[in-house]
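Architecture and fold: a report
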Amino acid sequence: MVVVPILAALGVTMPKTSSRAITSPAGTADTMGVLAHVALTPLELHRVVDQVGACIAWAARWICPADDILITVERPMELDTESQMVASILAKKKTAGATHAIIDIPVGTSAKVRSHAEAEELATLFRTVGERIDLRLDVIVTEARGPIGWGIGPRLEALDVLAVLRREAGAPADLREKALFLAARLLEMVAR
């Protein structure tokens, strides 16, 4: 939610589709939903992007309906394969029309990925699938020592985002730094 406005302000078109919470207190769509309507139709998404150059929307219902069904089935059965996760993430990006994407794989004791070896295997899978579907990816592995920002949950995370975007003195430095790092990597990738 910080990267999209930074890149849009620099002229990069950013139709960002995001998910609802799956393994955390809030997905990006949940947090953005505190500030704006996120359940956009394809027409609404295109209209917003045409007007302002970017959006953050929850579009799983129409962008990858089969994926939505698989996630619904997987959750109660506690199935969570790397292949399905990669397919889910990249299918949404490709279907939304993305040509470039940055994939951040946080590694840590409380993260979904616990070791650097596991992260590198996952990164290789992302790169392989990305190449096959003609999607330029920058896959990075970052340290996850805990939640980023001060808040946990949609409302508090939205307040953190707003504090960073407003450049408030008490804004979470870790959120600001990670967002700037990711924005710079993506900007460098699309500028090539």
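Everything below is about the structure printed above this text.
In what follows, the accompanying structure is described. Everything numeric in this text was worked out from a predicted model, so none of it was measured.

What counts, and at which threshold
- Residues numbered from 1 in each chain as written.
- Predicted model: local features only at pLDDT ≥ 70, side-chain atom pairs only at ≥ 80, totals over all residues.
- Heavy atoms only, no water.
- Helix = DSSP H or I, 4+ residues; strand = E, 2+ residues; numbered from the N terminus.
- Expected span 1.5 Å × (residues − 1).
- Buried < 20%, exposed > 50% of the residue type's maximum accessible area, 1.4 Å probe, protein only.
- Arc of directions from axis to C-beta.
- Contact = heavy atoms within 4.5 Å.
- Patch = residues over 30% accessible without salt bridge, like charges linked within 9 Å, V, L, I, M, F, W, Y side chains within 5 Å.
- Areas by Shrake-Rupley, 256 points an atom, 1.4 Å probe, with all protein chains shown as cover.
- Salt bridge = Lys/Arg side-chain N within 4 Å of Asp/Glu carboxyl O.
- Lys, Arg positive; Asp, Glu negative; His and termini not counted.
- Polar contact = N/O pair within 3.5 Å; in protein donor to acceptor, adjacent residues only side chain to side chain.
- Axes fitted to C-alpha atoms, helices over the stretch in contact; angles between N-to-C directions.
- Parallel < 35°, antiparallel > 145°, perpendicular 65-115°, else oblique.
- Nonpolar A, V, L, I, M, F, W, Y, C, P; charged D, E, K, R; others polar.
- Core = buried A, V, L, I, M, F, W, Y, C linked by side-chain atoms within 4.5 Å.
- Pairing = 2+ DSSP bridges.
- Right-handed = clockwise from strand over helix to strand, strands pointing away.

Structurally, the α-helix is built with 3.6 residues per turn, so residues lying three or four positions apart point the same way. With 19 residues, helix H9 (residues 173-191) extends 27 Å from end C-alpha to end C-alpha; this agrees with the ideal 27 Å at 1.5 Å per step. Within H9, the full set of buried residues consists of Leu175, Lys178, Ala179, Leu182, Ala183, Leu186 and Met189. Within H9, the buried residues cover an arc of 130° as seen down the axis, which keeps them to one side. Of the exposed residues in H9, the ones pointing more than 90 degrees away from its buried face are Glu177 and Ala191. Buried residues along H9 sit in contact with helix H1 (3-9), strand E1 (14-18), strand E3 (100-107), strand E4 (136-143) and helix H8 (154-165).

This part takes up a nonpolar patch on the surface. Nonpolar side chains collect at one region of the surface, where Leu10, Leu187 and Val190 lie side by side and expose about 230 Å² of accessible area between them. Note that Leu187 resides in helix H9. Given the relative accessible area of 31%, Leu187 is considered partly exposed.

All right, on to the side chain of Asp160 then. Looking at the element boundaries, Asp160 is found in helix H8. Buried and without a salt bridge, Asp160 has Arg155 as its closest oppositely charged side chain, separated by 9.5 Å. A polar contact of 2.7 Å, which involves the side chain of Asp160, links it to the backbone nitrogen of Trp150. A polar contact is formed between the side chain of Asp160 and the backbone nitrogen of Gly151, at a distance of 2.8 Å. Leave out the neighbours within four places in its chain, and Asp160 touches Gly149, Trp150, Gly151, Pro172 and Leu175.

This part covers the packing of helix H2 (residues 28-35) against H8. Interhelical geometry of H2 versus H8 gives an angle of 75° and a closest axis separation of 8 Å. Put simply, H2 runs roughly perpendicular to H8. Counting all contacts with H2, which are made through Asp30, Thr31, Val34 and Leu35, the residues of H8 involved are Pro154, Arg155, Glu157, Ala158 and Leu162. Each residue belonging to the contact of H2 with H8 can be placed in one class, and the counts come to 5 nonpolar, 1 polar and 3 charged.

In this section: the pattern of salt bridges. Following the criterion strictly, the structure yields 3 salt bridges and no others. Between Lys178 and Asp104 there is a salt bridge; the shortest N-O distance is 2.5 Å. Here the residue Lys178 occupies a position in helix H9, and Asp104 occupies one in strand E3, the gap between them amounting to 74 residues. Take Lys178: its relative accessible area is 18%, and that puts it in the buried class.

Before going further, it helps to spend a moment on the nonpolar core. The tendency in soluble globular proteins is for nonpolar side chains to be buried side by side. Core analysis: the largest hydrophobic core is formed by 25 residues, its most contacted members being Val3, Leu7, Met14 and Leu186. Broken down by secondary-structure element, the contributors of at least two residues to this core are H1, H2, strand E2 (54-58), H8 and H9. The element contributing the most residues to this core is H9, with 6 residues. Excluding its chain neighbours within four sequence positions, the residues that come into contact with Val3 are Ala179, Leu182 and Ala183. Judged by nonpolar contacts, the second largest core, of 15 residues, contains Val107, Ala119, Leu122 and Ala123.

Counting through the fold element by element, Asp30 comes out in helix H2. On the accessibility criterion, Asp30 (18% relative accessible area) is buried. Taking the C-alpha atoms as reference points, Asp30 and Glu157, separated by 127 residues in sequence, lie 9.6 Å from one another.

Turning our attention to the pairing of E4. Looking at chain direction, E3 and E4 are connected through 8 bridges and run parallel. In the strand pairing of E4, Ala101 is matched with Leu137. Once the chain exits E3 it traverses helix H7 (residues 116-132) before rejoining the sheet at E4, and the crossover so formed is right-handed.

Honestly, that's just the spatial picture; any functional story needs more than this.
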